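Geometric and topological summary
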Amino acid sequence: MLDVQKIREDFPILKREVNGKPLVYFDNAATSQTPQVVIDAIVDYYSNYNANIHRGVHTLSQEATDAYEIARKKVQCHFNSKHAHEIILTSGTTHSINIVATGFTNLLTKGDEIIVSALEHHSNIVPWQMLCERTGAILKVIPMNEEGELLMDVYDQLLSDKTKLVFTNHISNALGTINPIEKIIQKAHKVGAAVLIDGAQSCPHIKPDVQNLDVDFYVASAHKLCGPTGVGLLYGKEEWLNKLPPYQGGGEMIDQVTFEKTTYAGLPHKFEAGTPNICGGIAFGVALDYMNSVGFDNIAEYENELLEYGTKKLLEIEGLRIYGTSKNKTSVISFNIGTIHPYDIGSIVDKLGIAVRTGHHCAQPIMDFYKIPGTIRASFSFYNTKEEIDTLVEALKKAKMMLS
Ligand SMILES: *Cc1c(COP(=O)(O)O)cnc(C)c1O
């Protein structure tokens, strides 16, 4: 079982005050907080072995290269990919999706179809729209219901031999819905389509097994997993990564360069042009170690408890409506109180030390579906407590009184 008081000791930021009140951090779906071991790894890198990697013969460069490649192995191990070179270290989910979406430019022709879900973050919509503009491919959308669940029977109808690609998130950042990605992947493969899963929101809660899922591409960001910003991963099956062209040209991604012709490096370097976020990559590995030491089963169990408690407590506020009520959801609660603008509530609770997110959560199509400008989103992590939820509920009651 998870000892939350002990875990909170690992996160220095949780001791700070905001506007004279103890910080209550409920914006975990936007970014997670950083444990001391990860901060230490960053300080250690810059204090002791900061150097550029892969090219140097000197000791610091070799130490940095070793640490970076060990981090890649940790990511491989965590996601259970068959090969370490199937793990491309990127700047994050958005970068990873763009590598794949750009890479498909020459693999699609006019009239090909690609399928997205209605529950997506903008970063899993816009790169594909740009791909459609370049290729003449057609973007189809799996719709959702009032609970915030995908309509799988419509998905069945959308799939055909024209379908080349399907991409959806594993968990919706705006509503918390856990999508049935196993079924989505199996059905796509039956018609010969490749699948990309956006795991940015699932990785903090679930340990995915890319081989077991048989997914073609899986992407995520370290900063939602207790790691630093500016680093993430693109997992791709070897055969797919070999098929896709490089995304950027530059150093590191080449084999031979002459002015007549350049040949590219093999995986993973083909997709890692330029000096990467070396320190970030190393710290990402440490963050995964930390999360695994807490244990994903413990995390899921405890976060479910917070979700249940938070849902019950919030619904005691009159006029509060929760968006995203699937039985399969994670510890994200999106809501509004009456017709009060989410921004106004967010500002008042911030004065009381509470960080929640307000707005469309980079998922405007979902807000359009509910015909609302946005929601207030409280997203819980394994270092949050029920007492903090009580503090939020009290603050919301106060805000409601002031605003109505
Ligand atoms: C956060 C998030 C993204 C974007 O991640 P970045 O780290 O900003 O690139 C994409 N999809 C989902 C579901 C997210 O939660």
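Residues numbered from 1 in each chain as written. Predicted model: local features only at pLDDT ≥ 70, side-chain atom pairs only at ≥ 80, totals over all residues. Heavy atoms only, no water.

Comments concerning the overall build of the protein
Counting its regular elements, the protein contains 14 helices and 17 strands. The globule rule puts the C-alpha radius of gyration for 404 residues at 22 Å, and the 22 Å found for the protein is close to it. Counting only C-alpha atoms and orienting by the principal axes, one finds that the protein spans roughly 70 × 55 × 35 Å. The burial tally for the protein puts 55% of its 404 residues in the buried class. Sequence-distant contacts, at least 24 apart, represent 72% of the contacts inside the protein between residues at least 6 apart. Side-chain charges of the protein comprise 37 positive and 47 negative groups, with the mean position of each set lying 4 Å from the other. (Helix = DSSP H or I, 4+ residues; strand = E, 2+ residues; numbered from the N terminus. Rg over C-alpha atoms; globule rule 2.2 N^0.38 Å. Buried < 20%, exposed > 50% of the residue type's maximum accessible area, 1.4 Å probe, protein only. Contact = heavy atoms within 4.5 Å. Lys, Arg positive; Asp, Glu negative; His and termini not counted. Charge placed at Lys NZ, Arg CZ, Asp CG, Glu CD.)

Some details on the layout of surface pockets
Space inside the largest pocket adds up to approximately 330 Å³. Contributions of two or more residues to the lining of the largest pocket are made by α4 (93-103) and β16 (357-359). Residue composition of the lining of the largest pocket, by class: 5 nonpolar, 13 polar and 4 charged. Structurally, the lining of the largest pocket is a two-domain feature, drawing no fewer than three residues from each of domain 1 (4-27 + 295-403) and domain 2 (49-292). What the second largest pocket holds in volume is close to 180 Å³. Together, 15 residues line the second largest pocket, and L89, T90, H95, A273 and P276 are the ones closest to its centre. Of the residues contributing to the lining of the second largest pocket, the split by class is 7 nonpolar, 7 polar and 1 charged. (1 Å grid on protein atoms, 1.4 Å probe; cavity = no way out; pocket = protein on both sides within 12 Å on 5 of 7 lines; lining within 4 Å. Points joined across faces, edges and corners; volume = space filled by probe spheres on them. Nonpolar A, V, L, I, M, F, W, Y, C, P; charged D, E, K, R; others polar. Domains from an automatic or database assignment.)

What about the domain arrangement of the protein?
The assigned domain composition of the protein is domain 1 (4-27 + 295-403) and domain 2 (49-292). Relative to domain 2, the C-alpha centre of domain 1 lies at a distance of 29 Å. The interface is formed by 33 residues belonging to domain 1 together with 31 residues belonging to domain 2. Across the domain 1 to domain 2 interface the summed buried area is about 2,400 Å²; carbon plus sulfur atoms make up 59%. Counting every contact that joins domain 1 to domain 2 gives 1 salt bridge. Summed over the shared surface of domain 1 and domain 2, the number is 18 residue pairs in polar contact (both at pLDDT 80 or more). Counting only elements with at least two residues in the side of domain 1 that touches domain 2, the list comes to α11 (296-315), β13 (320-323), β14 (332-337) and α13 (364-370). At 6 residues, α13 tops the list of elements feeding residues into the side of domain 1 that touches domain 2. (Buried area = accessible area lost by both parts, 1.4 Å probe. Salt bridge = Lys/Arg side-chain N within 4 Å of Asp/Glu carboxyl O. Polar contact = N/O pair within 3.5 Å; in protein donor to acceptor, adjacent residues only side chain to side chain.)

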